[in-house]
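As a plain string of letters, each chain reads:
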Amino acid sequence: MAFTPLSILLLTLITIFSHQISAQAPGPAPAGPLNFTAILEKGGQYTTFLRLLSDSQVLSQIVNQLNTSSEGLTVLAPTDNAFNNLKAGTLNGLSREDQVNLILFHVLPKYYALSELLTVSNPVRTQFSADGLNFTGQGRQVNVTSGMVETQVNNALRMQSPLAVYQIDDVLLPPSLFGAKPPASAPPPAKTPASKDDGDKTKPKASGPSSDDSTGDSSNTRVGLGLFVGMGIACMAVLF
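Note that the structure is predicted; figures quoted are calculated from it, not measured. (Residues numbered from 1 in each chain as written. Predicted model: local features only at pLDDT ≥ 70, side-chain atom pairs only at ≥ 80, totals over all residues. Heavy atoms only, no water.)

Trainee: Help me out: how do you make sense of the environment of Arg96 in this one?
Mentor: Mapped onto the elements of the fold, Arg96 is located in helix α6 (residues 96-104). Residue classification places Arg96 among the exposed positions, given a relative accessible area of 57%. Along the chain, Arg96 and Asp55 lie 41 residues apart, while their C-alpha atoms are 9.2 Å from each other. For Arg96, the side chain forms a polar contact with the main-chain oxygen of Asp55, separated by 2.6 Å. (Helix = DSSP H or I, 4+ residues; strand = E, 2+ residues; numbered from the N terminus. Buried < 20%, exposed > 50% of the residue type's maximum accessible area, 1.4 Å probe, protein only. Polar contact = N/O pair within 3.5 Å; in protein donor to acceptor, adjacent residues only side chain to side chain.)

Trainee: Can you help me understand the pairing of strand β4 (residues 132-138) in this one?
Mentor: Regular strands place side chains that alternate from one sheet face to the opposite one. Where strand β3 (residues 124-125) and β4 come together, 2 bridges link them in antiparallel fashion. In the sheet register, Arg125 faces β4, and the bridge partner there is Gly132. Between β3 and β4, which follow one another and run antiparallel, lie 6 residues. Relative to strand β5 (residues 141-145), β4 is paired through 5 bridges, and the arrangement is antiparallel. Bridge pairing in β5 links Asn134 to Thr145. The loop that links β4 with its antiparallel partner β5 comprises 2 residues; one of these, Gly139, has a positive phi angle of about 65°. (Pairing = 2+ DSSP bridges.)

Trainee: Honestly, helix α2 (residues 36-43) in this entry has me stumped. Any pointers?
Mentor: Every α-helical turn comprises 3.6 residues, leaving residues that sit three or four positions apart pointing alike. Every buried residue of α2 is listed here: Phe36, Ile39 and Leu40. Looking down the long axis of α2, one finds its buried residues gathered within 90° of arc, a one-sided arrangement. In α2, the exposed positions angled more than 90 degrees off the buried face are occupied by Glu41 and Lys42. Close packing links the buried residues of α2 with α3 (47-55), α4 (58-68), β1 (73-78), β6 (150-160) and β7 (163-168). Downstream of α2 by one or two residues, Gly44 has phi in the positive range, about 80°. (Arc of directions from axis to C-beta. Contact = heavy atoms within 4.5 Å.)

Trainee: Can you help me understand the packing of α2 against α3 in this one?
Mentor: Two measures define how a pair of helices packs: the angle their axes make with one another and the distance between the axes. Put simply, α2 and α3 touch, their axes get as near as 9 Å, and they point 155° apart. The angle between α2 and α3 falls in the class roughly antiparallel. Of the two possible hands of crossing, α2 and α3 adopt the one that is left-handed. Between α2 and α3, the residues in contact are Phe36, Thr37, Leu40 and Glu41 and Phe49, Leu50 and Leu53, respectively. Among the residues forming the contact of α2 with α3, the class breakdown is 5 nonpolar, 1 polar and 1 charged. (Axes fitted to C-alpha atoms, helices over the stretch in contact; angles between N-to-C directions. Parallel < 35°, antiparallel > 145°, perpendicular 65-115°, else oblique. Left-handed = near helix turned anticlockwise from the far one by under 90°. Nonpolar A, V, L, I, M, F, W, Y, C, P; charged D, E, K, R; others polar.)

Trainee: Before we go on, may I ask you to explain the pattern of salt bridges in this structure?
Mentor: One side chain can pair with another of opposite charge once the charged atoms of both are near each other. Here the structure, examined in full by the defined rule, presents 1 salt bridge. Notably, a salt bridge pairs Asp55 with Arg51, separated by 3.8 Å at the nearest N-O pair. Linking Asp55 with Arg51, this pair stays in helix α3, spanning 4 residues, or about one helical turn. Classification of Arg51 as partly exposed rests on a relative accessible area of 43%. (Salt bridge = Lys/Arg side-chain N within 4 Å of Asp/Glu carboxyl O.)

Written as structure tokens, this is what we have:
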């Protein structure tokens, strides 16, 4: 088939035009930073957890680690019902530092897919260095225990590296914060100061004759002297 100069010109224009369209077509949008709070807000039942994350400033720590750590993070997010099921006053009875540690106990400093939690080496380190978690289960059912509370790891709100977020229906209580405390030793009994009378009772009595003894001795001396004088007079009467 012979190409006329007109057809060659048309083909050239079409080729140039198609290249221009391809160059102007937008590519895939670059991935932005992960919006951790949006993941929980979309779940619709993590209001208390979000508030504690914000108040304790753990939220800022999580966002910073997601942007800097190559290990990723895994968050076990208790539902509002989980917090409502706690004994009354549990959260308010914690100091600010202990509230921070409670939230950090629900964050693992590494990304774990659900299947990896079944084969992980227990105990698993948490962001609260004092206590770890233990994972067990089979199939797609995974259980987690703190040593005080055991619950299922349920719905995966997100499971894509570098962040995994899983729903749990109980708040995991770390033993170092909620475990039984050893009883305080009883203080030694206070010493009672000795009274003046007691002190006198303990002092030995001074030796020496009492007033009664002195009186008796004087009487005996007078009787003896009278007998001696009487015998002397009797003897003189015999002689004269």
